[in-house]
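Structural features, examined
Chain by chain, the residues:
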Amino acid sequence: MSDLSEGNEKDSKKPKQVEKLPPKKNFSEWYHELIQRAEIMDVRYPVKGLYVWYPFGFRIRKSVYGILREIMDREHEEVYFPALIPETELGKEGEHIKGFENEVYWVTHGGKDELDVKLALRPTSETAMYPMFRLWIRSHADLPLRVYQVVNTFRYETKHTRPLIRLREITSFKEAHTIHATFEDAEEQVRKAVAYYREFYDRLAIPYLICKRPEWDKFPGAVYTIAFDTVMPDGKTLQIGTVHNLGDNFARTFDITYETPDGEHSFAHQTCYGISERCIAALISVHGDDLGLVLPFEVSPVQVVVIPVLYKGREGEVLKVAREIGEDLKKYRVVVDESEERPGAKYYRWELKGVAIRIEVGPREVEEGTAVVSFRDEKKKFKVEKEKIPEMIEQWGEEMRERLYIRALNSMKEKIVLCESLDEVESHVKSGVAFTYLCDSERCGERLDEFGSVLGEVIEAPVSFEGEGRCVVCGKEGKLNAVARTY
Ligand code: A5A
């Protein structure tokens with residue numbers, strides 16, 4: 001059984017935090033209060049853009065990244081590359097360094113000595129990995145190569161920093177890097193990576209848009225970028241993952257070649273794709289409510305809480321049954337809350353922490369051999385026979401995931417509107433995502449960027465509109481694009 005109950009004892013030494021959370025409709029305030037109060041991140045660390053994972057937050061990270069690793073491990077090998085990158089390597093790929101130069105932290109000294117070659121704290125790891133890939137790849141037989149790592153990366157962000165959303169130390173950067181013989185093979189990998197990320201977010205019940213970023217907003221050094229964006233409760237979007245086809249751009253810079261079966265030397269083709277702890281920001285923001293976290297069963301640090309409702313003189317039998325239920329569920333993350341608090345205080349605390357399933361037992365249930373079950377996302381309670389509980393848990397968890405997904409999907413659909421004029425785009429991005437038609441010209445894109453950001457050509461969305469139409473700016477042929485204010 002979970003040791004979280006010990007955590008509760010520690011809790012009781014802290015000042016009681018009983019005042020209500022701000023309502024979720026005040027999203028920004030709600031988010032900041034919730035991550036602190038539910039003990040996900042401590043925001044008091046004295047460096048801007050850096051935050052501390054509390055044990056409870058880290059447990060969420062562990063289960064969420066467990067899913068991500070499970071998916072990656074199917075066809076990638078895990079690696080670790082150093083955090084420091086020599087200036088000479090970081091600067092090699094022209095577009096890449098242009099994109100990152102304003103965001104790099106530099107290590108310039110070792111003790112009192114100035115370093116001959118400055119070292120960058122990785123903002124991402126292409127330029128750490130690719131000089132080594134040059135040594136690893138010799139022949140077509142070495143291809144494809146697929147690796148990933150989960151590391152911290154550093155970006156000197158100048159936009160407003162926010163915990164889990166815009167960090168200067170990204171603590172949980174999952175980056176995958178692959179190498180292939182041909183551009184088509186790299187294309188195929190992009191399709192697979194998109195499918196992996198779909199599966200990941202489906203398991204978290206987080207709906208998304210998939211867009212091809214416009215030319216001017218693709219990853220520095222990429223041929224093109226496919227992005228996953230989710231819509232936050234305030235209508236702004238959050239980019240929660242990106243997949244890049246790098247073509248042979250980096251291979252040419254870092255001289256990554258392979259010998260073909262005919263003995264020719266050919267440049268390799270590459271992809272990379274990444275997800276950060278923004279996936280956890282999305283999890284909290286998309287599903288949470290006025291009472292606190294709502295976590296899907298699969299990732300909740302406490303999946304089931306058993307609450308004995310104690311009446312004088314009957315404590316012993318009630319506790320015994322509550323413990324039996326806990327014991328029957330021990331393959332899950334379960335807590336039997338035996339603390340002295342009143343049931344109301346216990347409900348409040350476990351609701352804040354997003355526990356998926358709550359099971360209550362009092363003297364009447366003991367007599368009946370039943371228990372009262374309720375789910376974090378629903379008001380209703382129902383009785384079940386105590387014996388039936390273990391076999392129902394998985395199904396309840398899955399049904400809850402489906403409910404969360406449908407609710408989130410409907411709320412996302414409501415925020416997407418097809419706009420037929422610039423005025424409509426301007427007005428709609430204030431509260432949601434504007435879909436509109438846009439041609440390839442950067443000038444037309446810039447016009448829309450005045451209202452928000454062009455997320456790019458829509459590849460997949462929960463609402464379907466005609467893929468082509470007249471550009472909302474110039475009237476030429478255009479494609480369906482998404483425009484939104486972004487985090
Ligand atoms: N090497 C590739 C994978 C790469 O770096 N791509 S990326 O720049 O797009 O970053 C991958 C993902 O990390 C983004 O899609 C975004 O979800 C997340 N991310 C980027 N900057 C971040 C920041 N400052 N804080 C938190 N997450 C960030």
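What comes next concerns the included structure. All of these numbers come straight from a predicted model, not from anything done at the bench. (Residues numbered from 1 in each chain as written. Predicted model: local features only at pLDDT ≥ 70, side-chain atom pairs only at ≥ 80, totals over all residues. Heavy atoms only, no water.)

Following the sequence through the fold, Lys 346 ends up in helix α11 (residues 343–352). Of the side chains with opposite charge, Asp 337 comes closest to the buried, unpaired Lys 346, at an N-O distance of 4.1 Å. At 2.9 Å, the side chain of Lys 346 and the backbone oxygen of Asp 337 are in polar contact. Setting aside residues no more than four positions away along its own chain, Lys 346 makes contact with Ile 307, Pro 308, Asp 337, Glu 338, Ser 339 and Glu 341. (Helix = DSSP H or I, 4+ residues; strand = E, 2+ residues; numbered from the N terminus. Buried < 20%, exposed > 50% of the residue type's maximum accessible area, 1.4 Å probe, protein only. Lys, Arg positive; Asp, Glu negative; His and termini not counted. Salt bridge = Lys/Arg side-chain N within 4 Å of Asp/Glu carboxyl O. Polar contact = N/O pair within 3.5 Å; in protein donor to acceptor, adjacent residues only side chain to side chain. Contact = heavy atoms within 4.5 Å.)

Near the ligand, the surroundings consist of 20 residues, among which Glu 126, Glu 157, Gln 239, Thr 242 and Ser 276 are the closest. Between a nitrogen atom of the ligand and a side-chain N or O atom of Glu 126, the distance comes to 2.6 Å. Between the ligand and Ile 165, the relevant distance is 3.4 Å, taken from a nitrogen atom to a main-chain nitrogen or oxygen of the residue. Protein contacts shield 95% of the accessible area of the ligand, which totals 570 Å² for the unbound molecule. Of all the secondary structure elements, the ones that give two or more residues to the shell around the ligand are β8 (169–180), β11 (237–247) and β14 (269–275). Ranked by residue count, the leading element in the shell around the ligand is β11, at 5 residues. The residue makeup of the shell around the ligand, split by class, is 8 nonpolar, 7 polar and 5 charged. (Near = heavy atom within 4 Å. Areas by Shrake-Rupley, 256 points an atom, 1.4 Å probe, with all protein chains shown as cover. Nonpolar A, V, L, I, M, F, W, Y, C, P; charged D, E, K, R; others polar.)

Next up on the list: a nonpolar patch on the surface. Nonpolar side chains collect at one region of the surface, where Tyr 45, Val 47 and Val 52 lie side by side and expose about 240 Å² of accessible area between them. By secondary structure assignment, the location of Val 47 is in the loop between β1 (41–42) and β2 (52–53). (Patch = residues over 30% accessible without salt bridge, like charges linked within 9 Å, V, L, I, M, F, W, Y side chains within 5 Å.)

This part covers the pattern of salt bridges. Applying the stated criterion across every chain, the model contains 43 salt bridges. For Glu 70, the salt bridge is made with Arg 74, and the minimal N-O distance between the two is 3.7 Å. When its relative accessible area of 38% is taken as the criterion, Glu 70 is described as partly exposed. Here the salt bridges share partners, and the residues they tie into one network are Glu 70, Arg 74, Glu 199, Arg 203 and Glu 298.

Moving on, we get to the sheet that holds strand β4 (residues 84–86). If you trace the 3 strands from one edge of the open sheet to the other, you get β4-β6-β5, paired in antiparallel fashion. Either end of the sheet is taken by a strand with one partner, and the two such strands are β4 and β5 (106–110). Ignoring which end each strand starts from, the neighbouring axes of this sheet average 45° apart. Relative to strand β6 (residues 113–121), β5 runs antiparallel, the two sharing 4 bridges. Its bridge partner being in β6, Val 107 is matched across the sheet by Leu 119. (Pairing = 2+ DSSP bridges. Axes fitted to C-alpha atoms, helices over the stretch in contact; angles between N-to-C directions.)

Let us look at a negative patch on the surface. On the surface, a cluster of negative charge is made up of Glu 420, Asp 423, Glu 424 and Glu 426. Mapped onto the fold, Asp 423 is located in helix α14 (residues 422–428). (Charge placed at Lys NZ, Arg CZ, Asp CG, Glu CD.)

Tracing the sequence through the fold places Pro 301 in the loop between α9 (278–287) and β15 (304–308). The spacing of Pro 301 and Glu 215 is 86 residues in sequence and 41 Å in space, taken between C-alpha atoms. Residues contacting Pro 301, with those up to four places away along its chain left out, are Phe 56, Arg 59, Ile 60, Leu 295 and Arg 333.

By the burial criterion, the buried members of α11 are Lys 346, Tyr 347, Arg 349, Trp 350 and Leu 352. Gly 354 lies just past α11 and shows a positive phi near 80°.

Quick look at the sheet that holds strand β19 (residues 381–385) now. One open sheet accounts for 5 strands, arranged β16-β15-β17-β18-β19; its pairing is mixed. Unpaired on one side and paired on the other, β16 (334–336) and β19 mark the two borders of the sheet. Between one strand axis and the next, the sheet turns through 25° on average, direction left out of account. Bridge count for β15 against strand β17 (residues 357–361) is 5 bridges, and the pairing is parallel. Bridge pairing links Ile 307 to Glu 360 in β17. Relative to β15, α11 is tilted by about 175°, and along the sheet it contacts β15, β16, β17 and β19.

What follows is about the pairing of β14. Most of β14 is tucked away: 7 of the 7 residues are buried. The side-chain alternation of β14 yields two buried faces, one formed by His 269, Thr 271, Tyr 273 and Ile 275 and the other by Gln 270, Cys 272 and Gly 274. In the sheet, β8 pairs with β14 via 7 bridges, with the strands oriented antiparallel. By the bridge assignment for β14, His 180 is matched with His 269. With 5 bridges connecting them, β11 and β14 associate as antiparallel partners. The residue of β14 that forms the bridge with His 244 is Cys 272.

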